[in-house]
Amino acid sequence: PRATLDHAARQKLNATEICFAKPPAPHNRLATMLSLKKLFGKDEKFFDLLEAGAEEAKTSVDLFAAYLKKVASSASGGGVALDDFIQTRRKEKRIRHVMTEELSKTFVTPLEREDIESLSFALYRIPKQIEKIVERLSIYPGRIPHAAFHRQAELLLQAADAVVFMVKQLRHGSTNIETIREANDRLQYAEGEADKVMLALLKELYHGPYDAKELVILQELYEMVEQAVDRCRNAGNIVVQIVLKHS
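Residues numbered from 1 in each chain as written. Predicted model: local features only at pLDDT ≥ 70, side-chain atom pairs only at ≥ 80, totals over all residues. Heavy atoms only, no water.

Participant: Help me understand a positive patch on the surface in this model?
Facilitator: On the surface, Lys93, Arg125, Lys128 and Lys132 cluster together into a positively charged patch. Of all the elements, helix α6 (residues 113-139) adds the most residues to the positive patch, at three residues. In this structure, Lys132 sits in helix α6. We classify Lys132 as partly exposed; its relative accessible area is 37%. (Patch = residues over 30% accessible without salt bridge, like charges linked within 9 Å, V, L, I, M, F, W, Y side chains within 5 Å. Areas by Shrake-Rupley, 256 points an atom, 1.4 Å probe, with all protein chains shown as cover. Salt bridge = Lys/Arg side-chain N within 4 Å of Asp/Glu carboxyl O. Lys, Arg positive; Asp, Glu negative; His and termini not counted. Charge placed at Lys NZ, Arg CZ, Asp CG, Glu CD. Helix = DSSP H or I, 4+ residues; strand = E, 2+ residues; numbered from the N terminus. Buried < 20%, exposed > 50% of the residue type's maximum accessible area, 1.4 Å probe, protein only.)

As structure tokens, this is what we get:
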């Protein structure tokens, strides 16, 4: 058989030895097929990593919502541990490192390398922003206006849910582009509402009984939460661009 001759040629066998040459063992052929599959990016590792990154981003948002509830039920705003937020951000960072390693080892990827890297970085920025917010809240000396953050947190949860859903659709290709557009509409709505809430909070600050220091600190905190919603929007925009590019 041709496979036998090819194998013999690779082994530099003579005419007599060719007659008795054996093809590669089945398990070796299987290993070769798996290696080629990995080389040409036919496995699901990149989708798995992107989905894991989106889930960690959503976890950080869930932790933030729980943090605000704990602050609301506490007489003093302090005493809330930051370890969970730090661990979530570190997990996201590890996912990015694994993604970088896999990109360097894969010849052909299911999505363009630049798109994978951009989306991975956009997802990483979400828990990083949440960690910064909680760090600032934890050192704020005054009473945290948890009611003011409540509506922002609701919209942030909506945005994070939409991002997770959209990222999970990527492995299905462009067949569900309408589904992704609908999810992106929800994401854009949450981002638009977050802008309106931000404006209302600033109006309350400017007309409320706040001293100059409180006004500056609270304004910065409100803006940081609104920026977290923007981070979700940016990740969603990248997903939409990827899907349109492959449609």
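Participant: In this structure, what is going on with the packing of helix α5 (residues 83-105) against α6? I would like to understand it.
Facilitator: Each pair of packed helices gets described by two things: the angle between the helix axes and the distance between those axes. Following both chains from N to C, one finds α5 and α6 inclined at 165 degrees, their axes separated by 9 Å at the closest point. Put simply, α5 runs roughly antiparallel to α6. For the pair α5 and α6, the sense of crossing is left-handed. Seen from α5, the contacting residues are Phe85, Ile86, Thr88, Arg89, Glu92, Lys93, Arg96, Met99, Leu103 and Ser104; seen from α6, they are Arg113, Ile116, Glu117, Ser120, Phe121, Leu123, Tyr124, Pro127, Lys128, Ile130, Glu131 and Val134. Taken together, the residues of the contact of α5 with α6 sort by class into 11 nonpolar, three polar and eight charged. (Axes fitted to C-alpha atoms, helices over the stretch in contact; angles between N-to-C directions. Parallel < 35°, antiparallel > 145°, perpendicular 65-115°, else oblique. Left-handed = near helix turned anticlockwise from the far one by under 90°. Contact = heavy atoms within 4.5 Å. Nonpolar A, V, L, I, M, F, W, Y, C, P; charged D, E, K, R; others polar.)

Participant: Would you mind showing me how to read the nonpolar core here?
Facilitator: Note that soluble globular proteins tend to have their nonpolar side chains buried in a common cluster. Core analysis: the largest hydrophobic core is formed by 65 residues, its most contacted members being Phe64, Leu119, Ile130, Leu137 and Leu170. Elements that contribute at least two residues to this core include exactly α4 (45-72), α5, α6, α7 (146-169), α8 (177-207) and α9 (212-245). Per-element tally for this core: the top contributor is α9, with 14 residues. Contact partners of Ile130, with chain neighbours within four places excluded, come to Ser60, Val61, Phe64, Phe85, Leu156 and Ala228. (Core = buried A, V, L, I, M, F, W, Y, C linked by side-chain atoms within 4.5 Å.)

Participant: Which parts of the structure should I look at to understand the layout of surface pockets?
Facilitator: To find leftover empty space, a probe the size of one water molecule is rolled over the atoms. Counted as a void, the largest pocket has a volume near 170 Å³. Ala65, Leu68, Lys69, Ala72, His146, Ala147, His150, Ala153, Glu154 and Leu157 are the residues that line the largest pocket. Looking at which element gives the most residues to the lining of the largest pocket, the answer is α7, with six residues. Here the lining of the largest pocket is composed, by residue class, of six nonpolar, two polar and two charged. (1 Å grid on protein atoms, 1.4 Å probe; cavity = no way out; pocket = protein on both sides within 12 Å on 5 of 7 lines; lining within 4 Å. Points joined across faces, edges and corners; volume = space filled by probe spheres on them.)

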